Amino acid sequence: MLLAIDCGNTNTVFSIWDGEKFLCTLRTSTHHSRTADAYFTWFSTLISHYKIDPDITGVVVSSTVPRVVWNLRVFADRFFGCRPLVVGRPDCLLPVAPRVDQGTTPGPDRLANAVAAFESYGGDCMVVDFGTATNIDVVAHDGAYIGGVIAPGVNLSLEALHQGAAALPHVDVTQPEKVIGTNTVGCIQSGIFWGYVGLVQGLVQKIKDEYGLTMKVIGTGGLAPLFEQGAHLYDEIDHDLTMHGLVRIYDYNKEQGNI
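Scoring rules and cut-offs
- Residues numbered from 1 in each chain as written.
- Predicted model: local features only at pLDDT ≥ 70, side-chain atom pairs only at ≥ 80, totals over all residues.
- Heavy atoms only, no water.
- UniProt positions renumbered as here; feature names shortened; annotations may be inferred.
- Axes fitted to C-alpha atoms, helices over the stretch in contact; angles between N-to-C directions.
- Helix = DSSP H or I, 4+ residues; strand = E, 2+ residues; numbered from the N terminus.
- Parallel < 35°, antiparallel > 145°, perpendicular 65-115°, else oblique.
- Contact = heavy atoms within 4.5 Å.
- Nonpolar A, V, L, I, M, F, W, Y, C, P; charged D, E, K, R; others polar.
- Domains from an automatic or database assignment.
- Buried area = accessible area lost by both parts, 1.4 Å probe.
- Salt bridge = Lys/Arg side-chain N within 4 Å of Asp/Glu carboxyl O.
- Polar contact = N/O pair within 3.5 Å; in protein donor to acceptor, adjacent residues only side chain to side chain.
- Buried < 20%, exposed > 50% of the residue type's maximum accessible area, 1.4 Å probe, protein only.
- Pairing = 2+ DSSP bridges.

Taking an unreviewed UniProt entry as the reference, the chain is identified by name as Type III pantothenate kinase belonging to Aliiroseovarius pelagivivens. Recorded under Pathway (unreviewed entry), the UniProt text for the chain is reproduced unchanged: "Cofactor biosynthesis; coenzyme A biosynthesis; CoA from (R)-pantothenate: step 1/5." Turning to the chain, the UniProt annotation filed under Catalytic activity (unreviewed entry) states: "(R)-pantothenate + ATP = (R)-4'-phosphopantothenate + ADP + H(+)".

Written out as structure tokens, the structure reads:
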């Protein structure tokens, strides 16, 4: 069994892959000070709740928060007896190397998204990922990650609005009944919801125009289904895209004798 770990700025996701499917997916908040023992206590407690007896033989990690990687390495070594494969590190091989400016290091989650998108949907596509940041990742015909867009995430924008304007409340992200809000909450919800629909639509179209070819659009991230309600933003929604990418990267390194 393979344990895939995707550590983002807000949440860290653990998924157990049995070779054919994910047995379960666990989510916790990201804290750089969390120890290996604390990870294992949380992990083992939830695994027992799901009545899973995992025989973890490999661990693959994607982390946009470098400070957590050390404790995740210790966690994998101490409790599963294996050295984790860390995406983005020089010793981690990719099926196709990214084609970006020299000296640029793409986020490991974006690399995983590109690998999974190519594997599942083919090349000449883009991934719209709603996370702490709203990312759009562009995948070439051969599966290479070739760049994209980074915009502030939905919840990050809401929090900044709430903190920067004392009179404005913090509101939940939802599709409002109409665009023209008739109260403060409705106005904010409309600005966030329809604003991000317009953001994604505009960027996707500009990328297609610049790329010059027909492109498939894949949505992922927790808020992807919500924004699909407002307009046809994607051709597919794939909730496990990043985790599938981590599994594929691990398998590729195993095939190449790198593990």
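Right, picking up where we left off after that structure.
*Asks:* Looking at this model, I keep getting lost on the packing of helix α3 (residues 108-121) against helix α7 (residues 241-255). Mind explaining?
*Replies:* Each pair of packed helices can be summarised by the angle the axes make with each other and by the distance between the axes. For the pair α3 and α7, the least separation of the axes is 7 Å and the interaxial angle reads 85 degrees. As judged from the angle between their axes, α3 and α7 are roughly perpendicular. Residues D109, A112, N113, V115, A116, A117, E119 and Y121 of α3 touch α7, and the partners they reach there are L241, T242, H244, G245, L246, R248 and I249. Tallied by class, residues from the contact of α3 with α7 come to 8 nonpolar, 4 polar and 3 charged.

*Asks:* What should I look at first to understand the domain arrangement of the chain in this one?
*Replies:* By a widespread convention, an interface's size corresponds to the accessible area lost as its parts come together. Parsing the chain into structural domains produces domain 1 (2-86) and domain 2 (122-244). Taking only C-alpha atoms into account, the centre of domain 1 sits 27 Å from that of domain 2. Each partner contributes to the interface: domain 1 provides 9 residues, whereas domain 2 provides 5 residues. When the two sides are added together, the surface that domain 1 and domain 2 hide from each other amounts to roughly 540 Å², 69% of it contributed by carbon and sulfur. When the buried surface of domain 1 facing domain 2 is broken down by residue, D6, T10 and F22 rank first, second and third, together holding 57% of it. Across the domain 1-domain 2 interface, the total number found is 0 salt bridges. One can count 1 residue pair in polar contact (both at pLDDT 80 or more) joining domain 1 with domain 2.

*Asks:* What exactly am I supposed to notice about the pairing of strand β7 (residues 133-139) here?
*Replies:* Looking along a regular strand, one sees side chains alternate from face to face of the sheet. Counting buried positions over the 7 residues of β7 gives 6, a clear majority of the element. Counting the residues between successive antiparallel strands, the hairpin from strand β6 (residues 125-130) to β7 contains 2 residues. For β7 and strand β8 (residues 145-152), the ladder comprises 6 bridges, and the chain directions are antiparallel. Within the sheet, the bridge partner assigned to V139 lies in β8 and is Y145.

*Asks:* I tried to follow the sheet that holds β8 on my own but got confused; where do I start?
*Replies:* Strands pair in a sheet through their backbones, by hydrogen bonds, and they do so in one of two ways: parallel or antiparallel. Strand order in the open sheet formed by 5 strands is β8-β7-β6-β9-β10, with mixed pairing between adjacent strands. Every interior strand has two partners, whereas the edge strands, β8 and β10 (236-237), have only one. Pairing geometry for β6 and strand β9 (residues 216-220), over 5 bridges, is parallel. Within the sheet, the bridge partner assigned to M126 lies in β9 and is V217. Across the sheet, α3 is in contact with β6, β7, β8, β9 and β10; its angle to β7 comes to roughly 50 degrees.

*Asks:* Just checking my understanding: could you explain unusual backbone geometry for this structure?
*Replies:* Most peptide bonds are trans, and most residues other than glycine sit at a negative phi. Non-glycine residue K51 carries a positive phi angle of around 60 degrees. With respect to the secondary-structure elements, K51 resides in the loop between α1 (36-49) and β4 (58-63). Phi angles above zero are rare outside glycine, and D124 is one such case at about 55 degrees.

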